Amino acid sequence: MHEMGITRNIVSIVSEHAGARQVTRVRLEIGMLSAIMPDAIRFCYDVVVKGTVLENSKLEIIEVPGKAKCKGCGAAVELETLFGTCSCGSRDLQRLSGEELNIKEMELEAA
Amino acid sequence: MCGTCGCADGSKATIINLQTGEHVHMDSKAQDDAPGAGAGHAHHHGHGHADHGHGHSHDHSHVEAHSHGHEHHDHAHPHAAALGTTVQLEQAILQKNDELAARNRAWFQGREILSLNLVSSPGSGKTSLLERSIVDIKDDLDIYVIEGDQQTANDAERIKASGAPSVQINTGTGCHLEADMVMQGLRQLKPKAGSIVMIENVGNLVCPALFDLGETAKVAILSVTEGEDKPIKYPHMFQASSLMILNKIDLLPHVDFDVERCFAYAKQVNPDIEILQLSARSGEGLDSWHDWLKSQSRQVSEKVFA
């Protein structure tokens, strides 16, 4: 359950930026290869935001699919797991996306 | 919780210096402070067990020596004044850990220290391997050990008994070590320049892959009593590791472990991973591991001003 610690980090970072203002929406970007389960984050979020300026905020999670480029032939490869095989047979892939763990933006209540 | 005095909240990490017996409890806010801060409070537990009278000295020294470094925020500050605004943050969730890890890494590099983050499932033989290596190569290399476990100082006691200085970090409910815990451990351990610091992570093949500690490299240890498909079951860990050690090979005649298949899986997940096979118990293959350590340690020194 490392998602609990991760969620605490999210709430701490957003609170720091929001100051005293209420947060109405938080948008995260989570890569599908990142070992973080969006559903677990949603579950933890409801618990962790209690008593903070994020208490009534809506959580949005953008799930970023895994994409890579084959170092052998240069073809684009879709990844469902951290590793994969290009249609040319090569397993030497350069990952381009799917490992994101970012807070994209937050929306603050009108002052 | 501090196993000696029971004075801390269970979710906070405790650091036990095996050389001095000092316990340091990390404040949960430690990560928010300037990285060099000596957050936490130190207790010295001295137990004088005599037949008559029970001496229990309990000195609290509150360490509050914060070194106030400059905290640079590269992200956009919202300066939250506008109405109902959307604020672009574009901040990595693990940024704080990553920043502290970068400090640890610079600290290690400046002292020409090879630091290895040893990761595995519980019971793969990390501590046994360390005990053996400490005894076998103590004439050639200085080894220091940071032990991570949820509870007990048993592993650090074992390391100390083999002759290396050690610090135990108890993560409480935490399932992995984080960069600030290692930083606190290093403050206690004070490793010499040119030495090797082994960081034995909590036995767990999932979360430790996410948290950079500032190590030179991660070493994943797998034993033949586990499944040979672990590299593809836990790809994050094997992908993040520079070396995979297959331990307990003395047991191969008694188990159905397919070595070739295991190595193929590891290479599938991480084509660059190096692989060594050994038995910490019988000693077979240990020379290759010790040669690897010496060569990595040399490279660390050579790279400092490269």
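Rules used throughout
Residues numbered from 1 in each chain as written. Chains lettered and ligands numbered in written order. Predicted model: local features only at pLDDT ≥ 70, side-chain atom pairs only at ≥ 80, totals over all residues. Heavy atoms only, no water. Helix = DSSP H or I, 4+ residues; strand = E, 2+ residues; numbered from the N terminus. Expected span 1.5 Å × (residues − 1). Buried < 20%, exposed > 50% of the residue type's maximum accessible area, 1.4 Å probe, protein only. Arc of directions from axis to C-beta. Contact = heavy atoms within 4.5 Å. Buried area = accessible area lost by both parts, 1.4 Å probe. Salt bridge = Lys/Arg side-chain N within 4 Å of Asp/Glu carboxyl O. Polar contact = N/O pair within 3.5 Å; in protein donor to acceptor, adjacent residues only side chain to side chain.

A. Quick look at helix α2 (residues 126-137) of chain B. All names here are of chain B. Across its 12 residues, α2 extends 16 Å between first and last C-alpha, which sits within 8% of the 16 Å expected from 1.5 Å per residue. Every buried residue belonging to α2 is among Lys-126, Thr-127, Leu-129, Leu-130, Ser-133, Ile-134 and Ile-137, and all of these are buried. Viewed along the axis of α2, the buried residues span an arc of 155°, placing them on a single side of the element.

B. The arrangement of the interface of chain B and chain A in detail. Between chain B and chain A, the residue contacts involve 33 residues of the former and 32 residues of the latter. With both chains or domains summed, chain B and chain A bury close to 2900 Å², and 59% of this area falls on carbon and sulfur atoms. Considering only the side of chain B, the residues that lose the most area to chain A are Leu-89, Ile-93 and Gln-268 of chain B, jointly responsible for 24% of the buried surface there. Remark: the boundary between chain B and chain A carries two salt bridges. Of the charged contacts, one joins Lys-96 of chain B and Glu-16 of chain A as a salt bridge, the two residues approaching to 3.2 Å between their closest N and O atoms. Linking chain B to chain A there are 14 residue pairs in polar contact (both at pLDDT 80 or more). If you list the elements that add at least two residues to the side of chain B that touches chain A, you get β5 (86-92), α6 (235-240) and α7 (259-269) of chain B. The element that contributes the greatest number of residues to the side of chain B that touches chain A is β5 of chain B, accounting for seven residues.

C. Local environment of unusual backbone geometry. Residue and element names in this part refer to chain B. Unlike most non-glycine residues, Glu-112 shows phi in positive territory, near 50°. Tracing the chain through its elements places Glu-112 in the loop between α1 (95-110) and β6 (114-120). Accessibility expressed as a relative area gives 28% for Glu-112, which makes it partly exposed. At Thr-152, a residue that is not glycine, the phi angle is positive and equals roughly 70°. When you line up the elements, Thr-152 lands in the loop between β7 (143-149) and α3 (154-162). For Thr-152, a relative accessible area of 39% puts it in the partly exposed group.

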